[in-house]
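# Working through the structure, step by step
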Amino acid sequence: MENFTISQVSKMYDVTPRMLRHYEKLGLIKASYREDYAYRMYDPETLRCLQQIIILRKLRIPLKQIAIILGDESQKESLLLLQENLAQLDEEIASLSLIRSILKQFISRLDESVRRKTRFELLEDSTLTEIASVLCFPKTSLKENVSMNDLSKAEEALNKSLNVRILLLPPCTVASYQYIGEKPEEKVGDTVSKFVQESRLYEIKPDARLFGFNHPNPGILEGNIYGYEDWVTIPDDMELPEPMVKKKFEGGLYAVLTIRFPEFQFWESLSRWVDENPDYEANYSELGLEIMGGCLEEHLNWVHSAHMGWPENGFDGQIDLMLPIKRRQK
């Protein structure tokens, strides 16, 4: 019975190693370790479970519900959950239908105004504004009886409507820590969290922010080893304890997309958005893949949460994906 490494599984199913470890942490999948091999291994039964997770995620099923579905032997609770999700989709479809109807009326009245050479004022049309005011705007829409290919196309279509914003980061001083080895994000996060708490950084600098990036990126080193580095903004004159290192960040212009952890598949969507943008283009670092091309992941509200000792009722895990850009030459 063949087992697979985390790197092999990541490539086979187009799932990041970080997402696989997150699924493990939630108890959705399990990894094993051989005595003669130091890294995670996944058996065929785990891969089968992963395939189910991927399909359910493409159907926009939340991870908490997926955990229930995978552990539901009678499948009665799964049935209820999916029926609730279907009901929500029906509401969204009804909203889309209503939006379509309003747009048709809008077009009709605009067409009439153009022919009469008068100006149509939307806010003065009481019928349209009254209908629009009760709309339940849809989150997504899916067809019934769709294949995996159809689901991927639907997901791609949804990604095209990304809420990307343009952000200029000013130069700043950061406290940096890098770790190369197993679970680098967790190792770095624990170290920087300890620094935030012991230095009382939030009290000194309540606007402190936390950025992270792969360093080096997966695939640069042999043996599935890679690293992660965190930057937390600090006062310029702050003295740092080991192993924290002070660095100067030059700042720059970024295309930014907010995600919920661990939806890192949206990196590809953000990259495509930049590639297709008529005004901006990517401005990747000369170090290339070694540091994710200069891309950053800002963990929102991280410094405050670390300062408070990671309370259970803290902020949800939101992350800004930040891709460096510059103006296109016209």
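Report on the accompanying structure.

Each value, and the rule that gives it
Residues numbered from 1 in each chain as written. Predicted model: local features only at pLDDT ≥ 70, side-chain atom pairs only at ≥ 80, totals over all residues. Heavy atoms only, no water. Phe/Tyr/Trp six-rings, centres within 6.5 Å; stacked < 30°, edge-to-face > 60°. Helix = DSSP H or I, 4+ residues; strand = E, 2+ residues; numbered from the N terminus. Buried < 20%, exposed > 50% of the residue type's maximum accessible area, 1.4 Å probe, protein only. Pairing = 2+ DSSP bridges. Contact = heavy atoms within 4.5 Å. Core = buried A, V, L, I, M, F, W, Y, C linked by side-chain atoms within 4.5 Å. Expected span 1.5 Å × (residues − 1). Arc of directions from axis to C-beta. Axes fitted to C-alpha atoms, helices over the stretch in contact; angles between N-to-C directions. Parallel < 35°, antiparallel > 145°, perpendicular 65-115°, else oblique. Nonpolar A, V, L, I, M, F, W, Y, C, P; charged D, E, K, R; others polar.

With that settled, the discussion passes to the packing of aromatic side chains. Tallied over the full model, the rule gives five aromatic pairs. Geometrically, the ring pair formed by Phe213 and Trp231 is edge-to-face, given 5.0 Å between the ring centres and 75° between the ring planes. Highlighted residues: Phe213 in strand S5 (residues 210–214) and Trp231 in strand S6 (residues 227–234), separated in sequence by 18 residues. Residues Phe261 and Phe264 carry aromatic rings whose centres are separated by 5.6 Å and whose planes lie at 85° to one another, so their mutual orientation is edge-to-face. Phe264 gets classed as buried once you look at its relative accessible area, which sits at 5%.

What follows covers the pairing of strand S8 (residues 252–260). In summary, the side chains of a regular strand alternate between the two faces of the sheet. Where strand S3 (residues 165–169) lies against S8, five bridges are found, and the strand directions are antiparallel. The residue of S8 that forms the bridge with Arg165 is Val256. For S8 and strand S11 (residues 318–327), the ladder comprises seven bridges, and the chain directions are antiparallel. Within the sheet, the bridge partner assigned to Tyr254 lies in S11 and is Pro324.

The next thing to look at is the side chain of His299. Structurally, the position occupied by His299 is in strand S10 (residues 296–299). Excluding anything up to four places from it in sequence, His299 contacts Leu210, Tyr228, Gln318 and Ile319.

Next up on the list: the nonpolar core. The biggest cluster of nonpolar side chains holds 28 residues, and the ones touching the most others in it are Trp267, Leu270, Leu296 and Leu321. Of all the secondary structure elements, the ones that give two or more residues to this core are S5, S8, helix H10 (266–275) and S11. In this structure Leu296 touches Leu169, Phe211, Gly212, Phe213, Trp231, Phe249, Tyr254, Trp267, Asp320, Leu321 and Met322, once residues within four positions along its chain are discounted.

On to helix H8 (residues 184–199). For H8, built from 16 residues, the straight-helix expectation of 22 Å at 1.5 Å per residue is met to within 8% by its first-to-last C-alpha distance of 22 Å. Among the residues of H8, Pro184, Glu185, Val188, Gly189, Val192, Ser193, Phe195, Val196 and Ser199 are the ones counted as buried. Each buried residue of H8 lies within a common arc of 160° when the element is viewed along its axis, so the set occupies one face. Exposed residues pointing more than 90 degrees away from the buried face of H8 are listed as Asp190, Lys194 and Glu198.

Glancing now at the packing of helix H1 (residues 6–13) against helix H2 (residues 17–25). The contact between H1 and H2 brings their axes to 9 Å, and the two run at 105°. When the axes of H1 and H2 are compared, the pair comes out roughly perpendicular. Between H1, through Ile6, Val9 and Ser10, and H2, the contact on the second element is made entirely by Pro17, Leu20 and Arg21. In terms of residue class, the contact of H1 with H2 is built from four nonpolar, one polar and one charged.

What follows is about unusual backbone geometry. Trans is the prevailing form of peptide bonds, just as negative phi is the prevailing case for residues other than glycine. The step from His215 to Pro216 runs through a cis peptide bond, and the omega angle for that step is 0°. Relative to the helices and strands, Pro216 is located in the loop between S5 and S6. That bond from Glu242 to Pro243 is cis: its omega, 5°, falls within 30 degrees of zero. Structurally, the position occupied by Pro243 is in the loop between S6 and strand S7 (245–249). Backbone geometry places Asn301, a non-glycine residue, at a positive phi of 65°. Within the secondary structure, Asn301 is located in the loop between S10 and helix H11 (302–307). Take Asn301: its relative accessible area is 37%, and that puts it in the partly exposed class.

So, to be careful, I would describe these as geometric facts and stop short of saying anything about function.
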